[in-house]
Amino acid sequence: MPSWNDGETSSSERLSDYSSDPPLNVPETMYDPDFCGIATDCEETCDHDEKLARYVAFEGVNTGRRFLGCARPGSGICATMHWLDLEWPPSLPVADEPSDCTFLGAMKAALAAFAGG
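Below is a short write-up of the structure. (Residues numbered from 1 in each chain as written. Predicted model: local features only at pLDDT ≥ 70, side-chain atom pairs only at ≥ 80, totals over all residues. Heavy atoms only, no water.)

## A few points about the overall build of the chain
- Looking only at helices and strands, the chain has 2 helices and 4 strands in total.
- For the chain, the N- to C-terminal ordering of α and β elements is α-β-β-β-β-α.
- Within the chain, buried positions represent 22% of all 117 residues.
- Once local pairs closer than 6 in sequence are excluded, the contacts in the chain between residues at least 24 apart make up 42%. (Helix = DSSP H or I, 4+ residues; strand = E, 2+ residues; numbered from the N terminus. Buried < 20%, exposed > 50% of the residue type's maximum accessible area, 1.4 Å probe, protein only. Contact = heavy atoms within 4.5 Å.)

## Some thoughts on the packing of aromatic side chains
- The full count for this structure, using the stated rule, is 2 aromatic pairs.
- With a centroid separation of 5.3 Å and an interplanar angle of 65°, the aromatic rings of Phe67 and Trp83 are classed as edge-to-face. Placement of the pair is Phe67 in strand 3 (residues 66-70) and Trp83 in strand 4 (residues 81-83), with a sequence separation of 16 residues.
- Judged by relative accessible area, which is 31%, Trp83 ranks as partly exposed. (Phe/Tyr/Trp six-rings, centres within 6.5 Å; stacked < 30°, edge-to-face > 60°.)

## Section: unusual backbone geometry
- Located in the positive-phi region is Asp49, a residue other than glycine, with phi close to 60°.
- With respect to the element layout, Asp49 can be found in the loop between strand 1 (29-30) and strand 2 (52-57).
- When its relative accessible area of 62% is taken as the criterion, Asp49 is described as exposed.

## A look at the environment of Asp47
- As for its position among the elements, Asp47 is in the loop between strand 1 and strand 2.
- For the pair formed by Asp47 and Ala79, sequence separation is 32 residues and the distance between their alpha carbons is 7.7 Å.
- If we ignore the near neighbours within four places in the chain, the residues touching Asp47 are Cys78, Ala79 and Thr80.

## Some remarks on the pairing of strand 3
- Summarising burial for strand 3: 4 of the 5 residues are buried, a large majority.
- By the bridge criterion, 5 bridges tie strand 2 to strand 3 in an arrangement that is antiparallel. Residue pairing for strand 3: Arg54 is matched across the bridge by Leu68.
- Bridge count between strand 3 and strand 4: 3 bridges; the pairing is antiparallel. Paired with Phe67 across the two strands is Trp83, which belongs to strand 4. (Pairing = 2+ DSSP bridges.)

## Description of the sheet that holds strand 1
- In spatial order, the strands read 1-2-3-4; together these 4 strands make up an open sheet with antiparallel pairing. The open sheet has two edge strands, strand 1 and strand 4, and neither has a second partner.
- Where strand 1 lies against strand 2, 2 bridges are found, and the strand directions are antiparallel. Bridge pairing links Thr29 to Ala57 in strand 2.

Spelled out as structure tokens, the structure:
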């Protein structure tokens, strides 16, 4: 391992910034201007006893599904999470990567099916 100091922190120093608690099962999210912000119409609260925020999942088989979760940013987030959308049907082909063109086609087909045509 190099012994010089170039101003960067080591991986062990960076790891000290994170909790040793088990990882949360809250998925990565993407911004959707039609579904974002605090869910003021929901009476449920998170573990911090605060209003929930609206999110759209951007991870694996849940990509595109909407959910409510803790509104705290970054490492302050708790594990509170409520799915609003049903799971994708097993017959719907889902790609491993969101950038896969078959995934985009599948999302368009699913949205068209949910919209009734």
